[in-house]
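# A closer look at the structure
Okay, here's what each chain looks like letter by letter:
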Amino acid sequence: MTAPSRTLHPAAWWLWAATMGVAAVRTTNPMLLAFIAVVVVFVVAARRSAAPWSRSLAVFFRLGLIVIVIRVVVQVVFGYRLPGHVLFTLPHVPLPGWAAGVSIGGPVTLESVLQAAVDGLRLAVILLCFGAANSLASPYRLLRCLPTVLYEAGVAVTVALTFAPELVITIGSIRDARRLRGRPTRGIAGLRGLAIPVLEGALDRSLQLAASMDARGYGRRFAAPAHRRLATGATALGLLLVMLGVFGALDPGSVPSGGIPVLAIGAVLLAMGMTAGGRRSPRTRYRPDVWRLPEWGVSLSGCAVLGAFVIAGVVGVQGLQFTPYPLRAPTLPLFLCIGILAGLLPAVMAPSPRDPGYREADEEMVDLVQSETNPSAGVPGVAR
Amino acid sequence: MIRFSDVSFSYSAADEPILRHVDLTIGEGEFCLVVGATGSGKSTLLGAINGLVPHFTGGRLSGTVTVDGRSTRDNPPRELADLVGMVGQNPSASFVTDVVEDELAYAMENLGVSPEAMRRRVEDTLDLLGLHELRHRPLLSLSGGQQQRVAIGAVLTASPRVLVLDEPTSALDPAAAEEVLATLTRLVHDVGMTVVIAEHRLERVVPFADRIILVPGSGDELIVGRPQDVMAGSPVAPPLVDLARLAGWDPIPLSVRDARRLAEPLRLRLAGLQAGPPTTPTPASTPEPIAEAEHVSSVYGTVMALNQVDLRIRRGEVVAVMGRNGSGKSTLLGLLAGLRRPAKGRVRICGQVPGDLPPRKLIKLVGLVPQDAGVLLYCSSVADECEASDGECGLPPGTTAATLDRVLPGVPRQHHPRDLSEGQRLAVALAVILAPAPPVLLLDEPTRGLDYPSKDRLVRLLRELVAGGHSVVIATHDVELVARVADRAMVLAEGEVVSDGAAREVVCHSPVFAPQVAKVLAPEAWLTVDEVRVALAGSSR
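Residues numbered from 1 in each chain as written. Chains lettered and ligands numbered in written order. Predicted model: local features only at pLDDT ≥ 70, side-chain atom pairs only at ≥ 80, totals over all residues.

### Remarks on the overall build of chain A
Helix and strand counts for chain A stand at 13 helices and 2 strands. For chain A, the residues scored as buried account for 39% of the 384 residues in total. Considering only intrachain contacts with a sequence separation of at least 6, the fraction spanning at least 24 residues in chain A is 77%. (Helix = DSSP H or I, 4+ residues; strand = E, 2+ residues; numbered from the N terminus. Buried ≥ 20, exposed ≤ 12 C-beta atoms within 10 Å, placed from the backbone. Contact = placed C-beta atoms within 7 Å.)

### As for the overall build of chain B
Helices and strands together make up the secondary structure of chain B, namely 21 helices and 19 strands. Relative to the globule expectation of 24 Å for 541 residues, the C-alpha radius of gyration of chain B, 24 Å, shows essentially globular dimensions. Counting every position in chain B, which comprises 541 residues, the buried fraction comes to 55%. (Rg over C-alpha atoms; globule rule 2.2 N^0.38 Å.)

### Let's talk about the packing of helix α1 (residues 10–25) of chain A against helix α4 (residues 110–136) of chain A
Residue and element names in this part refer to chain A. One way to put it is that α1 packs onto α4 with a least axis distance of 9 Å and a crossing angle of 175 degrees. One way to sum up the angle between α1 and α4 is to call them roughly antiparallel. Along its contact with α1, which presents Trp-13, Trp-14, Ala-17, Met-20, Gly-21, Ala-24 and Val-25, the element α4 presents Arg-122, Val-125, Ile-126, Cys-129, Phe-130, Ala-132, Ala-133 and Leu-136. (Axes fitted to C-alpha atoms, helices over the stretch in contact; angles between N-to-C directions. Parallel < 35°, antiparallel > 145°, perpendicular 65-115°, else oblique.)

### Topic: the interface of chain A and chain B
By a frequent convention, interface size equals the accessible area lost on bringing the separate parts together. Across the contact, 60 residues belong to chain A and 73 residues belong to chain B. Grouping the amino acids of the side of chain A that touches chain B by side-chain chemistry returns 24 nonpolar, 18 polar and 18 charged. (Nonpolar A, V, L, I, M, F, W, Y, C, P; charged D, E, K, R; others polar.)

### Overview of the domain arrangement of chain B
Residue and element names in this part refer to chain B. For chain B, the domain assignment lists domain 1 (2–235) and domain 2 (314–341 + 351–540). Taking the mean C-alpha position of each, domain 1 and domain 2 sit 30 Å from one another. Across the contact, 15 residues belong to domain 1 and 17 residues belong to domain 2. Residue assignment for the side of domain 1 that touches domain 2 shows that the elements contributing at least two residues are α5 (144–156) and α6 (174–191). (Domains from an automatic or database assignment.)

### Here's the deal with the confidence of the model for chain B
In regions of low pLDDT, the predicted coordinates are not meant to be interpreted in detail. Mean pLDDT for chain B: 87, with 97% of residues reaching 70 or above. Across the whole predicted complex the pTM is 0.77, and at the interface the ipTM reaches 0.82. (pLDDT = per-residue confidence, 0-100.)

### Looking at the sheet that holds strand β12 (residues 303–313) of chain B
Remark on secondary structure: sheet strands pair via backbone hydrogen bonds, oriented parallel or antiparallel. Residues and elements named next belong to chain B. The 3 strands are arranged β12-β11-β14 in an open sheet whose pairing can be described as antiparallel. Both outer strands of the open sheet, β12 and β14 (344–349), are each paired with one neighbouring strand and no more. For this sheet, the mean inter-axis angle between neighbouring strands, taken without regard to orientation, is 25 degrees. Of the pairings in the sheet, the one linking strand β11 (residues 291–300) to β14 comprises 5 bridges and is antiparallel in character. Looking at the pairing, Ser-297 lines up with Lys-344 of β14. (Pairing = 2+ DSSP bridges.)

### Notes on the environment of Val-73 of chain A
As for its placement among the helices and strands, Val-73 of chain A is situated in helix α3 (residues 56–78). Along the chain, Val-73 of chain A and Leu-87 of chain A lie 14 residues apart, while their C-alpha atoms are 14 Å from each other.

### A few points about the environment of Asp-127 of chain B
Within the secondary structure, Asp-127 of chain B sits in helix α4 (residues 115–128). Once the C-alpha coordinates of Asp-127 of chain B and Leu-481 of chain B are considered, the two residues, 354 residues apart in sequence, prove to be 35 Å apart.

### Brief notes about α6 of chain B
Residues and elements named next belong to chain B. In this model α6 runs 25 Å from its N-terminal to its C-terminal C-alpha over 18 residues, within 8% of the 26 Å that 1.5 Å per residue would give. The set of residues buried in α6 consists of Pro-174, Ala-176, Ala-177, Val-180, Leu-184 and Leu-187. Of the surrounding elements, those touching the buried residues of α6 are α5, β7 (162–166), β8 (194–198), α7 (202–205) and α18 (479–485). Phi for Gly-192, located one or two positions after α6, is positive at around 75 degrees. (Expected span 1.5 Å × (residues − 1).)

### Observations concerning unusual backbone geometry
Residue and element names in this part refer to chain B. Residues Val-53 and Pro-54 are joined by a peptide bond in cis, for which omega reads 5 degrees. Structurally, the position occupied by Pro-54 is in helix α2 (residues 52–55). Cis rather than trans, the peptide bond between Asp-250 and Pro-251 has omega equal to -5 degrees. Following the sequence through the fold, Pro-251 ends up in the loop between α9 (239–247) and α10 (256–262). The residue Asp-68 is not glycine, and still its phi comes out positive at about 50 degrees.

### A short note on the packing of α9 of chain B against helix α21 (residues 529–540) of chain B
Residues and elements named next belong to chain B. Where α9 contacts α21, the axes come no closer than 9 Å and their chain directions differ by 15 degrees. In this view, α9 runs roughly parallel relative to α21, as classed from their interaxial angle. Seen along the crossing, α9 lies across α21 with a hand that is right-handed. Of α21, the residues touching α9 (which contributes Pro-239, Asp-242, Leu-243 and Leu-246) are Val-529, Val-532 and Arg-533. Taken together, the residues that form the contact of α9 with α21 break down as 5 nonpolar, no polar and 2 charged. (Left-handed = near helix turned anticlockwise from the far one by under 90°.)

### Some words on the sheet that holds strand β9 (residues 211–214) of chain B
All names here are of chain B. Sheet architecture is open: 6 strands sit in the order β6-β7-β8-β3-β9-β10, paired in mixed fashion. Here the strands that pair on one side only, and so sit at the sheet edges, are β6 (84–87) and β10 (223–225). Adjacent strand axes in the sheet meet at a mean angle of 15 degrees when their direction is disregarded. In the sheet, strand β3 (residues 31–35) pairs with β9 via 4 bridges, with the strands oriented parallel. Bridged to Val-34 within β9 is Ile-213. The strands touched by α5 are β6 and β7; relative to β6, the strand with the most contacts, the crossing angle is about 160 degrees.

### Concerning the domain arrangement of chain A
All names here are of chain A. Taken domain by domain, chain A consists of domain 1 (10–220 + 292–372) and domain 2 (224–281). Facing 4 residues of domain 1, the contacting portion of domain 2 comprises 9 residues. Split into classes, the residues belonging to the side of domain 1 that touches domain 2 amount to 3 nonpolar, 1 polar and no charged.

### Notes on the nonpolar core
Ranked by internal contacts, the top residues of the largest apolar core, which has 185 residues, are Val-34, Leu-336 and Val-507 of chain B. No other element matches helix α16 (residues 422–434) of chain B, which puts 9 residues into this core. One finds Trp-14, Leu-32, Leu-57 and Leu-127 of chain A within the second-largest nonpolar core, a separate group that totals 44 residues. (Core = buried A, V, L, I, M, F, W, Y, C linked by C-beta atoms within 7 Å.)

### Some thoughts on the confidence of the model for chain A
All names here are of chain A. Of all residues in chain A, 82% have pLDDT values of 70 or greater, and the mean over the chain is 79. Confidence, read as mean pLDDT per element, is least for helix α13 (residues 362–372) in chain A (40) and greatest for helix α2 (residues 30–47) (94). Below pLDDT 50 for its whole length, residues 357–384 participates in 92 contacts with residues either more than four positions away or in separate chains.

### Considerations on the environment of Asp-444 of chain B
Residue and element names in this part refer to chain B. The residue Asp-444 is located in strand β16 (residues 440–444) in this model. Residue Asp-444 is classed as buried on the basis of its 26 C-beta neighbours within 10 Å. Here the alpha-carbon distance between Asp-444 and Gly-367, two residues 77 residues apart in the chain, equals 11 Å.

### Side note on helix α3 (residues 100–111) of chain B
Residue and element names in this part refer to chain B. Among the 12 residues in α3, 12 count as buried, and that is most of the element. Where α3 is buried, its residues meet α4 and α5. Gly-112 lies just past α3 and shows a positive phi near 75 degrees.

So this is what it looks like as structure tokens:
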């Protein structure tokens, strides 16, 4: 099934990535976690576009590795001591009585290191899923799908997001400028000299942007503002409640009165706010993303993966959870493997992304980074 | 279409008004060029057209500005968005979305245009501006000229009847600037758009303008008229006009084509004369270079920013490095200044490797003034800046201040660097860099945003420096600057040297980089009006 090339609805990608992430939360089996990671990376490799943000997966991959390392190091130095196979012993620092539960140094066991590594791996896989969502559909495109009532909030977030790469460029050029004046570029002194110019630059940019938005009709008045504000408020509150509700449903006991009622109230508020606000909105939308069969396929494949994990949790499938006490190799339950495989479907179901005409553009991209900053702000990798 | 009646404006009650009793009418379909020194009120005048002045900037505006009968008093800029499109100097700072197509649609979404009309207008605009191949590209990946065209497109989709542009080509290389200006002319002629544009590099825009509005500054009365008339008496004029005045041509030609028709007698008079000062130093006579880059290559990611470039700079020489936006000019300067190390090849300044030196030693050998000179300045006043610079460089107190007086006398010492004019800010940055007396000075795009008087001062300063034994490397798009100061010129394309040689030969033989005088007087290789003046004076004696 090869669909003509177009961009998939961003919400479908984010939903898929989110379900993969939530599935990762529900297991502590390193084999399953690794399997999820492989599936995610495969789908991204198959269906990402050539746009600069598509390369963010690598960044999140590296971030994940760092998380694992930090988690293990923290465990080795400060970890809780349980008996097991001692690998080596660090010098023990005695702590006063009130600091019970925390220890510094002492014997380091294989079990505790394994446990920490699996914990880290789980976090890393969640990060990877987030990175995958970023690579497959830029967060800007997701924001474009926000209901019209939340448009203002969406614009604010978009502006903030564009701001980050610009900030990196500014910081690079200011560091260069300091070097050109023979001043330190490192250390506390370097940092202090950096802050003020960076803030000034940021302020300048936001003023220019505000002027440009104003001149292009942002914030024109049409309908009754009070009515619109009420709708926006209702929508925002509804979204918040839905979020709380989902959280409560996932982790029973974390939200008083359980997640489901909160979720329901939130959903009702959200629906009311959206219909009331959307009906009279003067804004129109340019080429809204469409939701067709492939979108259903991608989101359902994610749901299938998550469903398999939920069922496994309820039924109590062997191997969903893994503890190194006692020490043994993790198993690979067949049921969950098949479940995770369902997550591969987007690699064939999603249409191949449009080629934004990049090949000849690569050079210009670099030029831009150079010419927009200063002579030689060594900032390769900003635009990519 | 646009009517100013008795408009005065001051940024605060205490300030002198920057515009005073302005009466001005701009008709439908006119291409109006606004000229004036920096800080004269050009931007204020432009901002008043769509109400950004005073709704956004604050300040006191008296009198009325109406556009198509709608007064800016009752309509803030957002209500005029369907009537006036505003394009700023720095397109990347005005982008709200991240992809070309979305950016084009943004204004229409705000205006509530129906989806069908929106689709149609985006397609039309893509065609009109030649952007259709870029439609899915992220804005950050576009080159400067492309970004500026997108910024124009982004306001055009709202189908305004007036387009206001504040120095739209100042950051662009000659070819990209042509591209933008050609687009604007097309809009005026094909669509009947009213265009009001402010620009420093008059040589680029004057040929296209129907009318010129000269803003003399300090609240004096505007001078409005046909380009020929205004240019004849204008203190700021492109080289072509200067040449016309020298040769006594009437009416003043505004395009190279018109000038060439009139230039026949002048060409005959100049035929037997020496082109350029006879004292042009022959580069081969001083063998040992003070700075050199040998076979340097530099890589950004997978892209070769520089590929096997050689550059030798001798004492007392001015080398101009030219080329498209992003051809590697800035990278080359960065290598020479020790900000980056070459991936291959080696760089030497006075026998030392700049990348290995600690910053404090480096600044005594080589100084670089980056494109945005303001980033070099970080104190809250010019006086503080000078003191800080003395302290950092270990110079006797007062050195930087003295240098500043040499560069540009009369820069107000208590001002914040951000409040200075572009020319003054450049002067302060130059003073800071020149204070430790580095033998090699690197300038990246120094004339960006400079008006003609500031540019003249820069040229004089560079000549003094060179006479004092400094060597200067300038990366620039400004062909007129190259014509006036450079001994040697090097053209880069995609990181490779395309041509390298005496400035006169390199520049005159390129249709893109030739200065106006050279175009008019071709095939003889004259570069500047001054050369012609000196030669004529010599021959008549």
